[in-house]
Amino acid sequence: MPVISLQNVKKIYELGDNSVHALGGVSLDIEAGEFVTITGASGSGKSTMMHILGCLDRPTEGRYLLNGKDVSNLPKEELASIRNKQIGFVFQGFNLLPRTTAAENVEVPLLYSRPPMAASERKARAMEALDSLALTDRAEHHPSQLSGGQQQRVAIARALVNKPSLILADEPTGNLDSKTSIEVMRLLQGLRERSGITIILITHEAEIAAYGTRIISVRDGFIVSDTPNTPVTAALNLEGEPAAEGALA
Amino acid sequence: MNGFTHLFAIASQALKRNRVQTTLAMLGVTVGVCALVTSMALAKGAQESIREQLLAAGANMIVVTAGNYQIQRAEGVSSPADHGSVESPSANPFVAHGGVSRLGQTRLVSRPAPRFIKAHFEDDPMAIHDHPTASDRLGDSMAGLGSAATLTLEDAETIRSSIQGVQFVASGVHENARLTVASDETKQWFTRLHGTESELPVIRRGWTFPYGEFFSQRQVANNDQVMVLGRVVADRLFGQGIDPVGEKVLLWNQPFEVVGVVGSRSWASQPVAGDDQFDAVYVPVSTVHSLLNLSKLNTITVTTKSAGETTNIAQLIVSLLRQRHGISDQMPDDFIVKSQAQELLGDGLSPELARIVAGNLATMDTLTLEQLSESLQRANNTMLILLAAVAGVSLLVGGIGVMNLLLLSVTERTREVGLRMAVGARGSDIASQFITEAVFLSLLGGLLGTVIAVFVTMSLEGIFRWSTEISIASIVIAIITAAVLGVAASVYPARRAAELDPIGALQHE
């Protein structure tokens with residue numbers, strides 16, 4: 001069973017008399033453990049796709065099955081609960097809460113678990129997630145005290161803390177320099193290899209897209225190509241970089 | 001419970017992040033609650049003070065005086081009282097006919113130009129003496145003003161034990177007496193002497209003891225030669241500001257030890273020369289009885305537990321004493337029962353207050369202390385409404401401050417709201433977070449305001465001598481108001497936050 005199955009999904013925005021077809025009918029299956037990168041220029045519809053995949057928005061037409069369950073027409077509350085349990089988000093701008101420690105930031109999704117989770121368990125799970133990203137010693141730091149790469153790692157820890165089946169990364173390297181971008185991409189690759197988590201990453205950079213196992217190009221609301229890919233291993237670029245090794249450990 | 005600690009955790013995290021704004025918004029609530037609690041404390045204090053003052057002035061007091069007399073209203077001609085020729089109650093309004101006599105009131109009604117009499121009317125040199133003079137009534141058992149000996153200690157005991165609603169009873173004998181300081185015989189003072197019991201200070205609630213204290217029950221039982229000086233007497237005999245406790249004063253050539261000085265704490269009666277309370281000395285009634293070889297009482301002073309029952313109880317006392325004295329229905333009382341307003345207007349009520357009372361009431365017949373207290377209460381309530389309005393406005397401003405903070409923070413934290421929604425927060429979670437923040441903020445502000453109000457009222461009391469009283473109820477009201485304010489101020493911002501679209505919110509710059 002695919003983790004994600006889009007069946008002729010359309011998204012149409014009504015703007016006055018015009019209707020804009022952000023997605024013109026997309027069908028797509030993604031299996032567990034794939035690292036799918038979606039590329040496209042701005043306005044291509046990749047963001048809309050991302051929002052629908054992330055259950056932040058509902059398709060106008062078509063069906064979206066997430067882990068076999070049709071989520072196309074669920075009410076907002078149930079979508080929230082699906083986002084909480086099954087999807088981990090990584091954003092371009094990190095979206096960490098300012099003046100809040102890394103540990104508290106990682107805890108945020110757990111605050112909305114249903115039934116509520118005990119404070120001690122929340123703490124333990126947040127630390128566990130930080131541990132897995134080698135951020136234990138940064139747990140009490142505020143975002144402003146962390147580098148961009150570290151901030152994005154905290155954000156990834158937050159995405160992982162509820163043990164989702166899917167990670168949705170929206171331009172995760174957009175705010176990072178190229179060296180740190182590579183670190184983050186290697187990190188995501190490592191995650192997939194070790195835990196078999198499904199990753200969908202949106203980018204407009206071909207270099208970044210090359211880290212995926214499958215590359216989908218989107219243009220004008222349609223999928224124009226969908227090809228398997230041999231992921232780039234950035235090992236050559238990272239030789240003698242202990243920080244990156246640490247991040248992967 | 002878990003859900004709540006949860007919400008609290010989220011809210012306190014968020015509040016901590018915006019310390020300056022949090023503090024400012026909280027201050028708004030603090031000021032409002034502080035004003036509210038303080039004004040309530042002042043209002044309560046004023047109420048208590050009015051009640052105290054009225055009780056202190058004798059609102060719940062009944063005085064039974066031995067003997068009876070009446071005044072013939074024959075154009076300034078005075079004649080001895082003659083109960084045989086009672087004509088009609090309107091022609092002889094002073095007859096205490098099985099009821100409470102209304103001495104002070106009738107004087108005002110029957111005189112063409114009512115005048116207030118400061119103390120005892122015999123003291124007024126301008127007064128036309130339309131009542132029996134001392135020489136008229138000497139030896140006449142029906143010619144009262146306390147000269148007749150119709151009351152006994154047993155009467156007092158029966159009132160004490162058989163009438164419900166009676167609080168304290170003190171029997172008394174009253175004489176005029178010349179006092180001499182034992183150590184300096186040139187210092188003399190002619191004053192009123194009251195033989196009484198140790199309960200008198202609890203009856204005269206307006207008394208304070210600048211020096212020493214009242215004599216004890218044991219001293220009464222032992223017929224001790226002890227004496228409490230009224231303020232005026234103490235000042236005349238020993239000088240102002242001098243503690244006379246322990247000094248010896250000669251009365252009937254007997255040495256009496258001074259054990260205390262009594263002053264007034266009520267604005268309704270201040271010590272003046274010639275008054276009956278403070279230009280007077282008090283000795284145990286038993287001592288007077290044994291030294292003068294007497295057994296009768298001049299007065300019995302009674303207080304009631306509630307001021308409203310005074311008239312009723314006065315009537316009970318009348319019928320009880322008539323029965324005990326074996327007075328048939330046709331005969332007038334051989335005693336006078338005076339209560340409340342008559343007492344007040346007769347003596348002790350300050351001229352200012354008397355003028356207010358007289359100015360406000362068409363006829364003195366309708367005067368009751370409840371009405372007097374009501375009119376003071378009304379003035380006080382006006383003040384209270386004003387204070388409450390000020391407090392209400394400051395609370396409103398505080399509430400607007402909280403709402404402003406929240407609205408600002410909804411805009412400022414749009415991305416945060418978007419993120420929380422993306423990671424699984426529902427609209428209701430976001431709304432409860434903002435409401436919890438506001439309630440937490442307001443409660444904290446409210447508590448702080450209450451604490452400050454306690455200090456403020458304490459200093460008002462200390463510095464300006466205003467009477468205040470912070471009740472538990474007012475604190476509870478303040479805290480509840482603060483919490484309600486928090487909820488009210490946060491509903492709109494919380495709804496706005498909850499209705500944000502997560503996609504738009506996440507892209508918000």
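Residues numbered from 1 in each chain as written. Chains lettered and ligands numbered in written order. Predicted model: local features only at pLDDT ≥ 70, side-chain atom pairs only at ≥ 80, totals over all residues.

A. Fine view of the overall build of chain B. When helices and strands are tallied, chain B shows 17 helices and 12 strands. Within chain B, buried positions represent 45% of all 509 residues. Look at the contacts in chain B between residues 6 or more apart in sequence, and 82% of them connect residues 24 or more apart. (Helix = DSSP H or I, 4+ residues; strand = E, 2+ residues; numbered from the N terminus. Buried ≥ 20, exposed ≤ 12 C-beta atoms within 10 Å, placed from the backbone. Contact = placed C-beta atoms within 7 Å.)

B. Just the overall build of chain A, in detail. Check the secondary structure of chain A and you find eight helices and 10 strands. A burial count over chain A gives 47% of its 249 residues as buried. Of the contacts formed within chain A by residues at least 6 apart in sequence, a portion of 70% connects residues at least 24 apart.

C. Region of interest: the nonpolar core. Counting residues in hydrophobic clusters, the biggest one holds 122 residues, and the most contacted among them are A157 of chain A together with V37 of chain B. A per-element tally of this core places helix α2 (residues 19–56) of chain B first, with 14 residues. Ignoring anything within four residues of it in the chain, the contact list for A157 of chain A reads V106, A129, L130, L133 and L135 of chain A. With 55 residues, the next largest nonpolar core counts V228, L229, F238 and I317 of chain B among its residues. (Core = buried A, V, L, I, M, F, W, Y, C linked by C-beta atoms within 7 Å.)

D. Up close: the interface of chain A and chain B. Between chain A and chain B, the contact holds 24 residues from the first and 22 residues from the second. Elements that contribute at least two residues to the side of chain A that touches chain B include exactly α2 (76–86) and α3 (102–111) of chain A. It is α2 of chain A that provides the largest number of residues to the side of chain A that touches chain B, a total of six residues. Across the side of chain A that touches chain B, the residue classes break down as 13 nonpolar, five polar and six charged. (Nonpolar A, V, L, I, M, F, W, Y, C, P; charged D, E, K, R; others polar.)

E. Structural detail: helix α9 (residues 285–292) of chain B. All names here are of chain B. Within the sequence span of α9, burial applies to V285, T287 and V288. Seen along its axis, α9 keeps its buried residues to an arc of 160°; they face one direction. Looking at the buried positions of α9, the neighbouring elements they touch are β3 (166–181), β4 (184–196), α7 (217–221) and β9 (280–284). Immediately beyond the C-terminal end of α9, within one or two residues, lies N293, with a positive phi of roughly 55°. (Arc of directions from axis to C-beta.)

F. Spatial organisation of the sheet that holds strand β1 (residues 4–15) of chain A. All names here are of chain A. If you trace the four strands from one edge of the open sheet to the other, you get β2-β1-β4-β5, paired in antiparallel fashion. Two strands in the sheet have a free side with no partner beyond their single neighbour: β2 (18–30) and β5 (69–70). Sheet topology note: the β1/β2 ladder contains 10 bridges and is antiparallel. Bridge pairing links L15 to N18 in β2. (Pairing = 2+ DSSP bridges.)

G. Summary view of the environment of R236 of chain B. All names here are of chain B. In this structure, R236 sits in helix α8 (residues 231–238). The class for R236 is buried, based on 20 C-beta atoms found within 10 Å. For the pair R236 and W189, spaced 47 residues apart in the sequence, the C-alpha separation amounts to 7.1 Å.

H. Structural detail: helix α16 (residues 472–498) of chain B. With 27 residues, α16 of chain B should cover 39 Å at 1.5 Å per step; its first-to-last C-alpha distance of 37 Å lies within 8% of that length. A maximum bend of about 40° is found in α16 of chain B at V491 of chain B, where proline P493 of chain B lies one to four positions downstream. (Expected span 1.5 Å × (residues − 1). Bend = angle between axes of the 7 residues up to and from the residue.)

I. How the structure looks around unusual backbone geometry. Residues R114 of chain A and P115 of chain A are joined by a peptide bond in cis, for which omega reads -5°. By the element assignment, P115 of chain A lies in the loop between α3 and α4 (119–132). Although it is not a glycine, D220 of chain A sits at a positive phi angle of roughly 50°. Topologically, D220 of chain A is positioned in the loop between β9 (214–219) and β10 (222–228). A positive phi angle, near 55°, is found at N223 of chain B, a position not held by glycine. The topology assignment puts N223 of chain B in the loop between α7 and β6 (226–230).

J. Representation of the sheet that holds strand β6 (residues 87–90) of chain A in the model. Residue and element names in this part refer to chain A. Taking strand neighbours across the sheet as the criterion, the six strands line up as β6-β7-β8-β3-β9-β10 in an open arrangement whose pairing is mixed. Strands at the two margins of the open sheet, each flanked by one partner only, are β6 and β10. When the angles between neighbouring strand axes are averaged without regard to direction, this sheet yields 15°. Two strands pair when backbone bridges link them, and β6 and strand β7 (residues 166–170) are joined in this way by four bridges, in the parallel orientation. Across the sheet, the residue bridging to G88 is I167, located in β7. (Axes fitted to C-alpha atoms, helices over the stretch in contact; angles between N-to-C directions.)

K. Inspection of the environment of V31 of chain B at higher detail. Residues and elements named next belong to chain B. Mapped onto the elements of the fold, V31 is located in helix α2. For V31, a count of 20 C-beta atoms within 10 Å gives the class buried. With 366 residues separating them in the primary sequence, V31 and V397 have C-alpha atoms 9.4 Å apart.

L. Seen up close, the confidence of the model for chain B. All names here are of chain B. Put simply, chain B has an average pLDDT of 71, and 69% of its residues get 70 or more. Element-level mean pLDDT values for chain B span from 39 in helix α3 (residues 103–110) up to 91 in helix α14 (residues 414–422). Low confidence marks residues 70–125, where pLDDT is under 50. Its contacts with residues over four positions away, or in another chain, come to 85 contacts. For this predicted complex, the interface confidence reaches an ipTM of 0.90, while the overall pTM sits at 0.60. (pLDDT = per-residue confidence, 0-100.)

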